[in-house]
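Chains, contacts and geometry: an overview
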Amino acid sequence: MIPPADSLLRYDNPVLVSRNTERKSPKSRPLKVSPQPPVVTGPVPPPTKPKSPPVDTSKQPEEILNAILPPREWMEHTQLWIQQVSSTPSTRMDVVHLQEQLDIKLQQRQARETGICPVRRELYSQCFDELIRQITINCAERGVLLLRVRDEIRMTIAAYQTLYESSVAFGMRKALQAEQGKSDMEKEIEELENEKRDLERQVNEQKAKCEAIERREAERRQVEEKKHAEEIQFLKRTNQQLKAQLEGIIAPKK
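Overview of the structure. The shown structure was predicted, so the numbers you read here are calculated from the model rather than taken from an experiment.

The next point concerns the overall build of the protein. From N to C terminus, the protein includes 4 helices and 3 strands. Within the span of the protein, comprising 254 residues, buried residues form 21% of the whole. Of the contacts formed within the protein by residues at least 6 apart in sequence, a portion of 72% connects residues at least 24 apart. Put simply, the protein shows about 19,300 Å² of open surface, and 56% of that area lies on carbon and sulfur atoms.

Written out as structure tokens, the structure reads:
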């Protein structure tokens, strides 16, 4: 037989149960088998309501214990073993021993003293369940009230866990969006730089064309100016010749 992991919650000796859930041990008390929620050491799932069924305090203490702290069960070689929480009242020495065991397990499992630590939360949860068991045996109403406190604490932790996970998911989405936006901006910058280079190339080409046109027009202007100066000189010479001829014709007549 391989029993479940050791717990600070006190249990009775395991009892072998047949497949049809009939006890083979006549001395054991009647049992309503219900699955015990395992102590969560990792992320806490979102809470459901209500987490614990209503407990009738008019029942026997053993039945109340089974309702508050369900028995744990496991299979071994097609045999079902069930272990109920102990209904033995606790003494002051049991409480002192519980405190010592809590300190020992915290050291053995190297639980963190501060901050978030699943191991520390698991051990303190087991310790709180053991305190609920001890108090329920003496006063069922106190045990039921502590059960409500325990469930409220778990629901609060689950709510914070859900909030944390949603915050992490939101942060990851924003980071991915920022990364995607960064790549898009880099691509746009590259396109703009290419466009800038094309425009600069076009500007250089237009400047070269403009300079070529200016040189060509300057050369044409020089040619036109030279031609115009030659025509002026030709006309001046022609004018002087005509004046000379005119003077030669007028002089003999006198």
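The subject of this paragraph is the pairing of strand S2 (residues 72–76). Here S2 shows one buried face, formed by Arg72, Trp74 and Glu76, and one open face, formed by Glu73 and Met75. By the bridge criterion, 5 bridges tie S2 to strand S3 (residues 79–83) in an arrangement that is antiparallel. Each residue of the ladder has a partner; that of Glu76, found in S3, is Gln79. Where S2 hands over to S3, the hairpin turn is made up of 2 residues, of which His77 adopts a positive phi near 55°.

Backbone hydrogen bonds hold the strands of a sheet together, and the pairing may be parallel or antiparallel. Across the sheet, which stays open at both edges, the 3 strands sit in the order S1-S3-S2 with antiparallel pairing between neighbours. Edge strands, defined here as strands with exactly one partner in the open sheet, are strand S1 (15–17) and S2. When strand polarity is set aside, the average angle formed by the axes of neighbouring strands in this sheet is 35°.

Let's shift gears to the nonpolar core. Listed in full, the 12 residues of the largest apolar core are Leu9, Tyr11, Ile64, Leu65, Ile68, Leu69, Val85, Ile132, Ile137, Ala140, Val144 and Leu147. Going through the elements one at a time, helix H1 (61–68), helix H3 (118–138) and helix H4 (140–253) are the ones with two or more residues in this core. Core analysis: the next-biggest nonpolar cluster, separate from the first, contains 8 residues, Leu8, Leu102, Leu123 and Cys127 among them.

Between side chains of opposite charge, a pair can form when the charged atoms approach closely. Considering all chains together, one arrives at 8 salt bridges under this definition. In this structure, Glu122 engages Arg109 in a salt bridge whose closest nitrogen and oxygen atoms are separated by 3.1 Å. In this pair, Glu122 is assigned in helix H3 and Arg109 in the loop between helix H2 (92–108) and H3, connecting sequence segments 13 residues apart. Between Arg201 and Glu205 there is a salt bridge; the shortest N-O distance is 3.1 Å. With Arg201 and Glu205 both in helix H4 and 4 residues apart, this pair spans about one turn of that helix. For Arg201, a relative accessible area of 43% corresponds to the partly exposed category. Accessibility expressed as a relative area gives 38% for Glu205, which makes it partly exposed. A cluster of three or more residues bridged by salt bridges with shared partners is formed by Asp129, Arg150, Asp151 and Arg154.

So, on to the side chain of Arg133. Looking at where Arg133 falls in the secondary structure, it is placed in helix H3. Of note is the side chain of Arg133, whose polar atom sits 2.7 Å from the side chain of Glu130.

Parameters and conventions
- Residues numbered from 1 in each chain as written.
- Predicted model: local features only at pLDDT ≥ 70, side-chain atom pairs only at ≥ 80, totals over all residues.
- Heavy atoms only, no water.
- Helix = DSSP H or I, 4+ residues; strand = E, 2+ residues; numbered from the N terminus.
- Buried < 20%, exposed > 50% of the residue type's maximum accessible area, 1.4 Å probe, protein only.
- Contact = heavy atoms within 4.5 Å.
- Areas by Shrake-Rupley, 256 points an atom, 1.4 Å probe, with all protein chains shown as cover.
- Pairing = 2+ DSSP bridges.
- Axes fitted to C-alpha atoms, helices over the stretch in contact; angles between N-to-C directions.
- Core = buried A, V, L, I, M, F, W, Y, C linked by side-chain atoms within 4.5 Å.
- Salt bridge = Lys/Arg side-chain N within 4 Å of Asp/Glu carboxyl O.
- Polar contact = N/O pair within 3.5 Å; in protein donor to acceptor, adjacent residues only side chain to side chain.

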